[in-house]
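Okay, here's what each chain looks like letter by letter:
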Amino acid sequence: MKCLEKFEVQNDYLMGNNKQSMSPLLDTLKMERVSTILNPAYPYPHEHSRHTIMAVVVGCLFFISSDNMHTLIQKLDSNVKWWSMYLCLIGFFYFFSSPFIGKTIKPSYSNFSRWYVVWTFVAALYHLPSFQSMGVDLRMNLSLFLTIYVSSVVFLTAFHIIFLGLWYVGIVARVAGKRPEFFTIIQNCAVISIACCVFYSHCGNRAIQRDKYLDQRNSLYSMLFMKSEDGNSWLSNFLHMYELKDQICSSWFAPVGSASDYPLLSKWVIYGELVCSGSCAGPSDEISPLYSLWATFIGLYIANYVVERSTGWALTHPLSLSKYERLKKQMKPDFLDMVPWYSGTSADLFKTMFDLLVSVTLFVGRFDMRMMQAAMNKVPDEAKDGDLLYDHLNERDELWFDFVADTGDGGNSSYAVARLLAQPSIQLKTDSPMYALPRGDLLLIGGDLAYPNPSMFTYEKRFFCPFESALQPPPWYKAEHIALIKPEIPFGITDLHQYDGPQCFIIPGNHDWFDGLHTFMRYICHKSWLGGWLLPQKKSYFALQLPKGWWIFGLDLALHCDIDVYQFKFFAELCKDKIGENDSVIVMTHEPNWLLDWYWNETTGKNASHLICDYLKGRCKLRIAGDLHHYMRHSVMPSEKPVHVQHLLVNGCGGAFLHPTHVFKNFSKFHGAAYDSKATYPSFDDSSKIALGNILKFRKKNWQFDIIGGVIYFVLVFSMFPQCNVIQILQEDSWLGRLKSFSTTLCNAFAYMLQYSYVSSAGTLILMMSSYSFVPSKLSRKRRALIGVLHVLAHMVASFILMLLLELGIEICIRNHLLATSGYHTLYEWYRAMEIEHFPDPTGLRARMEKWTFGLYPACIKYLMSAFDIPEVMAVTRGNICNSGMESLSRGSAIIYYASVFLYFWVFSTPVVSLIFGSYLYICINWFHIHFDEAFSSLRIANYKAFTRFHITVDGDLEVFTLAVDKVPKSWKLDPEWDAEVRLPQQLSHHRRFPSKWKAASGPDPINSVRVVDHFVIERTKPNQSPRQPT
């Protein structure tokens, strides 16, 4: 598997086996372990940029604190509308970005969200008043940032193209051929531009005369290191932040020189403005300090890149043994996160829906892989077929075996369970002395091996990888190997009866059938190893003969929720010919139809029920299943009526997200017999409390839902933009009057949508139909319609309120001359005027650049500033619509207007739609007991994991332990005991004392926190006892 391949790569890196990175010199020195900065250990690809950003932030805070920040409060407009707008703007942007604060969920979307928020937030913020009091001219900083940013991107892009060209012709080293990520260039340019803007906003572009420069430098030196006449130290002067800032600006960041000092650069630099008390004698010939700072940053970037990419082995240095051991401890597994079921961007989920549609259309009733397996059977008497019946375990005196289901979701949860399954024994702390449960000789997996759909990627990464980490496959194992003749037992063993290692038998679940069982057949029926567990099975269903008269029937229900006739024939003949009157049978299925049929008020699995009731005739002591991701056990209540099944056990806690238990609290009857709930995990009360997370954590857990929710809300209000008369709300004198006016405007907008809108009306109708069909069919049509209408109405009211708040904010800014003052290019025109005044260009550098780029130089900056200033574009276009109507706009202008509105409306709407939808799920799951799948898949809970361990005793009784882990570790590290254990050549991993590679890096390890949540004993049927009587 790819998981094992990554382990090998990590070990090769640590052991210095990456031969491409080693030089002949290192080979001569026989260095076994090397490290290189060309392979950084940081998980984040732009570590240098992060350090630079931190330095810029510290510098910015220093400058702002020196400019008397308290004046911001004194000068801020006392009008409550500005306070409200600041509060709303900051609040919406905070809630939008809250899922990404403090962690990198996914580099692509997280980085996009980070820059998207900065872009839209700053573009809106700089139009609001009172930031001049901080000494920060946002308008100047924005325009300057965009100019420096474009220049940096162009310059660094040209540099990388030239450098790659030098590599292509062979002038620089081979390592230089690795192309940099374009996003790295973009981010570095942004950091450089921000640093330059912070410097300019507090130091300006001053060109200082030479004689004053030396005096200021000496005065700074004396201030820092000499004491003044009154005896005060330099520390007292440090408290005068403003003076210190001025000294730093004029001394540390002073111009590097004049044009006369660098005659070759005199026509290629920007000059600083001359600051003098009176009239200046002439233009400044001092190079701009801002230009010097930018050139320094660019030079450092180029130097760092050239050194890294052109020296190759010169940067490689020997790695000490202590550092090698430290790096090994920092190794982490590459486990996948829980499946994002509410993702609007997941290709896996779209593929799952497509596969499900094809499976239901093609395989249900038309083509069945189980029929194909029966047709390929070479033995006429299936009851004697070694492909379906396995009896190699029945001669043992006692047997331990495990059951787990629904494994392949999050890597952390799946590995936590697999780690427990792989341990030679589990030590349990009870009231009595330590009690040890040995590892199961047999592992039963009840389906749904990988989510959301069966594919090579999901099976390898979500299923095989955690199990291979817990118990490694044999040394000779190859991931690409296909087993032609099974079982492929280890060398030196002639028969499966002689093999003493753990074995595994698996039935498929509904998710495994989404591709017609193709991936299951490839990875289970034609592979020999699941980690260190041997896979002897050849078909998707099987029968196991165990010691002391115990049997296991592994049924394949497919997507029919029932067994096919060929499968029924095999098990029916087995009941007649093989199973004795006093034998006991465990029936394993994927779906617990006793719970689901009661919940949905339907009847499924008629063939399976016919087999259990009419052929087993009370010999079925236990039914085990998964599919529901919790643990529940019901036992039959004493009765004189015949009992077909004594115990019903559901355990789907193998790794998938948690399901609620309180929804099934009232289940009590099956096959005419009464059952009592004996154990649940989690408890009914805990399950109900967990559902509260839908209100508080829905968006944090399902940030990919932004795409769906934001688009739906925008479609609902699309036809209502713009609201030209929204200013009448603020013309009311009292807050009550404003609230009434706001409500009236809201109702008028809704009436307008019904009378004149096409897009919003169609979107509302589609949403209403979708909401009705989303409500489970177990409710009556009236209740489904009522719940669906209320759900949609809540979303409509929220979207309309957000639309009016956005329009109200824009209208307030327009009325106060903060927006729509001079057209689309207000920012660019203002910047050009400021540029001419504060950035002298006596040599005509800008004119030459405009000529050489055919006008692209000013045009790119002009339209980039216009694209950046979204509120201005929105306000100007809105004014044109309100004055001349929508017909006055061209199609392109209309697209630009709605796109600019969507950029802000999306930020406002995504937290709200998630809050309302999460509240809907909470109400439905706790009040109506519906949406148990949807309400808990949204939480993506990796905790509450469990498996069941069985013990057939020497007396023939079946002892059942259910072991659970309440909290699953979120991070793992290399287990030093596993690493230090001596491994013999060709040694099988189940012989190791420490078989699992990773242990918990934070919190308690599952081995130490595991506990028993249920324990019971099923007695064997005695010769004189009727099998239909409960034991």
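Please read these numbers as outputs of a predicted model, since none were measured by experiment.

Peer 1: Please set out the state of the cysteines residue by residue, giving values where relevant.
Peer 2: According to the stated counting rule, one finds one disulfide in the structure shown. Note on cysteine connectivity: Cys 724 is disulfide-linked to Cys 882, with sulfurs 2.0 Å apart. Between Cys 724 and Cys 882 the disulfide shows an S-S torsion of about -90 degrees. By sign, it is left-handed. Highlighted residues: Cys 724 in the loop between helix H24 (706-717) and helix H25 (735-756) and Cys 882 in helix H31 (residues 870-884), separated in sequence by 158 residues. Its relative accessible area of 30% is what places Cys 724 among the partly exposed residues. A relative accessible area of 30% places Cys 882 in the partly exposed class.

Peer 1: Account for a positive patch on the surface, with residues named and values stated.
Peer 2: Residues Lys 697, Lys 700, Lys 967 and Lys 970 make up a contiguous surface patch of positive charge. By the secondary structure assignment, Lys 970 is in the loop between strand S22 (958-965) and strand S23 (972-974).

Peer 1: Lay out H25 with the relevant residues and their values.
Peer 2: Here H25 contains 22 residues, and its C-alpha end-to-end distance of 31 Å stays within 8% of the 32 Å for a straight helix at 1.5 Å per residue. Residues of H25 that are buried: Gly 737, Ser 741, Phe 742, Thr 745, Leu 746, Ala 749 and Met 753. Among the structural elements, H24, helix H26 (759-774) and helix H27 (781-815) are those in contact with the buried residues of H25.

Peer 1: Quick rundown of the packing of H24 against H26? Include the residues and the values.
Peer 2: Between H24 and H26, the shortest axis-to-axis distance is 6 Å and the interhelical angle comes to 130 degrees. One way to sum up the angle between H24 and H26 is to call them oblique. Note on element contacts: H26 touches H24 through Val 759, Ser 760, Gly 763, Thr 764 and Leu 767, opposite Ile 712, Val 715, Leu 716 and Val 717. Tallied by class, the residues present in the contact of H24 with H26 amount to six nonpolar, three polar and no charged.

Peer 1: Provide a residue-level description of a nonpolar patch on the surface, including the pertinent values.
Peer 2: On the surface, Ile 162, Leu 166, Trp 167, Tyr 168 and Val 169 cluster together into a nonpolar patch covering about 550 Å² of accessible area. Residue position: Ile 162 is located in helix H7 (residues 138-168).

What counts and how
- Residues numbered from 1 in each chain as written.
- Predicted model: local features only at pLDDT ≥ 70, side-chain atom pairs only at ≥ 80, totals over all residues.
- Heavy atoms only, no water.
- Disulfide = S-S within 2.5 Å.
- Helix = DSSP H or I, 4+ residues; strand = E, 2+ residues; numbered from the N terminus.
- Buried < 20%, exposed > 50% of the residue type's maximum accessible area, 1.4 Å probe, protein only.
- Patch = residues over 30% accessible without salt bridge, like charges linked within 9 Å, V, L, I, M, F, W, Y side chains within 5 Å.
- Areas by Shrake-Rupley, 256 points an atom, 1.4 Å probe, with all protein chains shown as cover.
- Salt bridge = Lys/Arg side-chain N within 4 Å of Asp/Glu carboxyl O.
- Lys, Arg positive; Asp, Glu negative; His and termini not counted.
- Charge placed at Lys NZ, Arg CZ, Asp CG, Glu CD.
- Expected span 1.5 Å × (residues − 1).
- Contact = heavy atoms within 4.5 Å.
- Axes fitted to C-alpha atoms, helices over the stretch in contact; angles between N-to-C directions.
- Parallel < 35°, antiparallel > 145°, perpendicular 65-115°, else oblique.
- Nonpolar A, V, L, I, M, F, W, Y, C, P; charged D, E, K, R; others polar.

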